[in-house]
Amino acid sequence: MAHDELLGLHAAALDLFADRVHRVGEDQWGASTPCTEWSVRDLVQHLTAEQLWVPPLVRDGATMAEVGDVFDADVVGGDPATAFDTAAQAAREAFREPGALDRTVNLSYGDTPCADYCAQMVTDLVVHSWDLSRGIGADEQLPDELVAHAVREVAPYASELAASGVFGPPVKPPAGADEQTKLLAQLGRRV
């Protein structure tokens with residue numbers, strides 16, 4: 001995939017999640033999500049921390065060990081929407097630096113091409129946008145181009161996802177399911 005196209009998808013995924021974050025009502029931060037361990041606030045905390053990892057890994061060339069547990073604490077504080085916006089902007093800028101997607105980053109499973117890391121981040125944002133939408137009762141329809149990207153991204157390692165512990169076991173999608181429903185079912189979501 002061309003870098004410009006990937007960066008466009010990353011920007012669209014960040015914007016999608018940010019839109020959902022800004023729709024969270026004051027009384028919804030404790031609501032449950034399809035990620036059974038996480039409330040709406042926990043989900044936003046997770047995605048905010050994910051964005052905070054990008055600058056040190058991509059821009060600074062830090063290893064995960066060097067960054068350590070700095071983003072394990074509460075990174076959203078009393079204003080989760082602003083915290084996400086700030087982290088998202090920093091991630092966007094780090095990936096957009098000249099040559100950034102040609103670099104290698106150190107992730108939990110080893111050194112990885114930065115473009116692959118960016119593609120994974122897009123998928124994470126897309127799927128969790130659906131989770132957040134479900135948690136707050138917002139529109140659950142995801143943009144077709146983002147769903148298509150996530151399907152392509154997940155396909156090579158789909159059979160390993162449940163074993164990773166990051167996703168629940170796949171569920172059988174209903175007959176005639178669209179691509180979004182199939183993707184979510186593959187990632188353990190019950191649509």
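The following refers to the structure shown. Given the structure is predicted, the values throughout are model-derived calculations rather than measurements. (Residues numbered from 1 in each chain as written. Predicted model: local features only at pLDDT ≥ 70, side-chain atom pairs only at ≥ 80, totals over all residues. Heavy atoms only, no water.)

1. Describing the pattern of salt bridges
It is possible for side chains bearing opposite charge to pair when their charged atoms get close.
Move 1: Scanning all chains against the criterion turns up nine salt bridges.
Move 2: Between Arg20 and Asp19 there is a salt bridge whose closest N-O contact spans 2.7 Å.
Move 3: On the basis of relative accessible area, Arg20 is assigned to the buried category, the value being 6%.
Move 4: The exposure class assigned to Asp19 is partly exposed, which follows from its relative accessible area of 30%.
Move 5: A single network of salt bridges, built from pairs that share partners, joins Asp19, Arg20 and Arg23. (Salt bridge = Lys/Arg side-chain N within 4 Å of Asp/Glu carboxyl O. Buried < 20%, exposed > 50% of the residue type's maximum accessible area, 1.4 Å probe, protein only.)

2. Side note on the pairing of strand β2 (residues 110-113)
Move 1: Of the strand pairs in this sheet, strand β1 (residues 104-107) and β2 are connected by four bridges, and their pairing is antiparallel. Bridge assignment links Thr104 to a residue of β2, and that residue is Pro113.
Move 2: Adjacent in sequence and paired antiparallel, β1 and β2 are bridged by two residues. (Pairing = 2+ DSSP bridges. Helix = DSSP H or I, 4+ residues; strand = E, 2+ residues; numbered from the N terminus.)

3. As for the packing of aromatic side chains
Move 1: All told, the structure shown has three aromatic pairs when counted by the stated rule.
Move 2: With a centroid separation of 5.5 Å and 70 degrees between ring planes, the pair formed by Trp53 and Phe71 is classed as edge-to-face. Placement of Trp53 in helix α2 (residues 40-59) and of Phe71 in the loop between α3 (64-67) and α4 (80-96) is noted, with a sequence separation of 18 residues between them. Assigned by exposure class, Trp53 and Phe71 land together as buried. (Phe/Tyr/Trp six-rings, centres within 6.5 Å; stacked < 30°, edge-to-face > 60°.)

4. What to know about the packing of α2 against α4
Move 1: The N-to-C vectors of α2 and α4 enclose an angle of 30 degrees; their axes lie 8 Å apart at closest approach. Overall, the two elements α2 and α4 adopt an arrangement that is roughly parallel. When you trace α2 past α4, the crossing you get is left-handed. Across the interface between the two elements, Val44, Leu47, Thr48, Gln51, Leu52, Val54, Pro55, Val58 and Arg59 of α2 pack against Pro80, Ala83, Phe84, Ala87, Ala88, Ala90, Ala91, Ala94 and Phe95 of α4.
Move 2: The residue makeup of the contact of α2 with α4, split by class, is 15 nonpolar, two polar and one charged. (Axes fitted to C-alpha atoms, helices over the stretch in contact; angles between N-to-C directions. Parallel < 35°, antiparallel > 145°, perpendicular 65-115°, else oblique. Left-handed = near helix turned anticlockwise from the far one by under 90°. Contact = heavy atoms within 4.5 Å. Nonpolar A, V, L, I, M, F, W, Y, C, P; charged D, E, K, R; others polar.)

5. A word on the side chain of Thr48
Move 1: Relative to the helices and strands, Thr48 resides in helix α2.
Move 2: Judged by relative accessible area, which is 0%, Thr48 ranks as buried.
Move 3: Those residues in contact with Thr48, other than ones at most four positions away along the chain, are Val75, Val76, Ala83, Phe84 and Ala87.

6. A closer look at the nonpolar core
Move 1: The biggest cluster of nonpolar side chains holds 60 residues, and the ones touching the most others in it are Val58, Phe84, Phe95, Tyr117 and Leu132.
Move 2: Of all the secondary structure elements, the ones that give two or more residues to this core are α1 (3-21), α2, α4, β1, α5 (114-136), α6 (144-154), α7 (158-164) and α8 (179-186).
Move 3: The biggest single contributor to this core is α5, with 13 residues.
Move 4: Aside from chain neighbours lying at most four places away, what touches Val58 is Ala94, Phe95, Ala100, Arg103, Val105, Cys114 and Tyr117. (Core = buried A, V, L, I, M, F, W, Y, C linked by side-chain atoms within 4.5 Å.)

Honestly, it's all geometry; don't read function into it.
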